[in-house]
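Chains, contacts and geometry: an overview
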Amino acid sequence: MLSLILPAFSYAETDANKANSELPRVLIQTSEGNVELQLRPDLAPETVENFLTYVDSGYYEGTIFHRVIPGFMIQGGGFDENLNQKSTRPPVPNEAKPTAKNLRGTIAMARTSNPDSATSQFFINLVDNAYLNAGSRGPGYTVFGHVTEGMGVVDGIANQPTGTKNGMGDVPRDAITIQNIRRMEE
């Protein structure tokens, strides 16, 4: 049963006795609808702590999904509607693990070619992206949770028309705003 609830992670990394309610959950409110996530501090503690620090400070309010690639992922959390990049906290170390895979519906940290450069930007995988996994082609991208509700919203965002804006490609023509991300109370 646990594998149905947490498909992106192996039993080797999951405490079967840990109730899902102990894992933090967040609600992403977007201009296209809501997406609920369950975070996994047991797999990526520094990444989850970093993400929740941004969440708790209201950092994500007014940011957009600035990179949308159907059949791959949607990325947000670093730019406003005018594609001005927001200031960030220091980067967190890469916590990618071969057993925490970039599967459809997982959330992972965006980064540069430097594995330890993730700050505020994240992406939600639209498909299984095995080449982003640790060990596949290098250090990988840190998966730190998964969508529990609202994957239809994620797919809807992925289907928005995109183009080039301010020299950036794959930008939705109509801004898709993250209105708020907040912790969910149990």
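Just so we're clear, the structure is a prediction, and the values are computed from it rather than from any experiment.

1. Describing the sheet that holds strand β3 (residues 63-69)
One key point about sheets: their strands pair by backbone hydrogen bonds, in either a parallel or an antiparallel sense. On the basis of which strands lie adjacent, the closed barrel formed by eight strands has the order β1-β2-β7-β5-β6-β4-β3-β10 and antiparallel pairing. Neighbour-to-neighbour, the strand axes of the sheet open up by a mean angle of 35°, direction not taken into account. The pairing of β3 with strand β10 (residues 177-183) spans two bridges and is classified as antiparallel. From the neighbouring strand, isoleucine 64 faces β10, where its bridge partner is threonine 177. In this fold helix α2 (residues 45-57) packs onto β1 (25-30), β2 (33-39), β5 (106-109), β6 (122-125), β7 (143-149) and β10, with an angle of close to 115° to the strand it touches most, β10. Those strands touched by helix α3 (residues 151-158) are β1, β2, β3, β4 (73-76), β6 and β7, and its axis lies near 120° from that of β2.

2. Digging into the side chain of glutamine 75
Mapped onto the elements of the fold, glutamine 75 is located in strand β4. Of the residues examined, glutamine 75 reaches a relative accessible area of 7% and is grouped as buried. Here glutamine 121 takes part through its side chain, which lies 2.7 Å from a polar atom of the side chain of glutamine 75. Among all residues touching glutamine 75, those that are not within four sequence positions of it are Ile64, Phe65, His66, Arg67, Ala110, Gln121, Phe122 and Phe123.

3. Some details on the environment of leucine 37
By the secondary structure assignment, leucine 37 is in strand β2. Note: C-alpha distance between leucine 37 and histidine 146 (109 residues apart in sequence) is 5.5 Å. Among all residues touching leucine 37, those that are not within four sequence positions of it are Pro24, Arg25, Val26, Ile28, Ile107, His146, Val147 and Thr148.

4. A look at the pattern of salt bridges
A complete count under the given rule lists four salt bridges for this structure. Between arginine 25 and glutamate 36 there is a salt bridge, with the nearest N and O atoms lying 3.8 Å from each other. On the criterion of sequence distance, the pair formed by arginine 25 in strand β1 and glutamate 36 in strand β2 is long-range, its members being eleven residues apart. On the basis of relative accessibility, which here comes to 22%, the residue arginine 25 falls in the partly exposed class. The class for glutamate 36 is buried, based on a relative accessible area of 16%.

Parameters and conventions
Residues numbered from 1 in each chain as written. Predicted model: local features only at pLDDT ≥ 70, side-chain atom pairs only at ≥ 80, totals over all residues. Heavy atoms only, no water. Pairing = 2+ DSSP bridges. Helix = DSSP H or I, 4+ residues; strand = E, 2+ residues; numbered from the N terminus. Axes fitted to C-alpha atoms, helices over the stretch in contact; angles between N-to-C directions. Contact = heavy atoms within 4.5 Å. Buried < 20%, exposed > 50% of the residue type's maximum accessible area, 1.4 Å probe, protein only. Polar contact = N/O pair within 3.5 Å; in protein donor to acceptor, adjacent residues only side chain to side chain. Salt bridge = Lys/Arg side-chain N within 4 Å of Asp/Glu carboxyl O.

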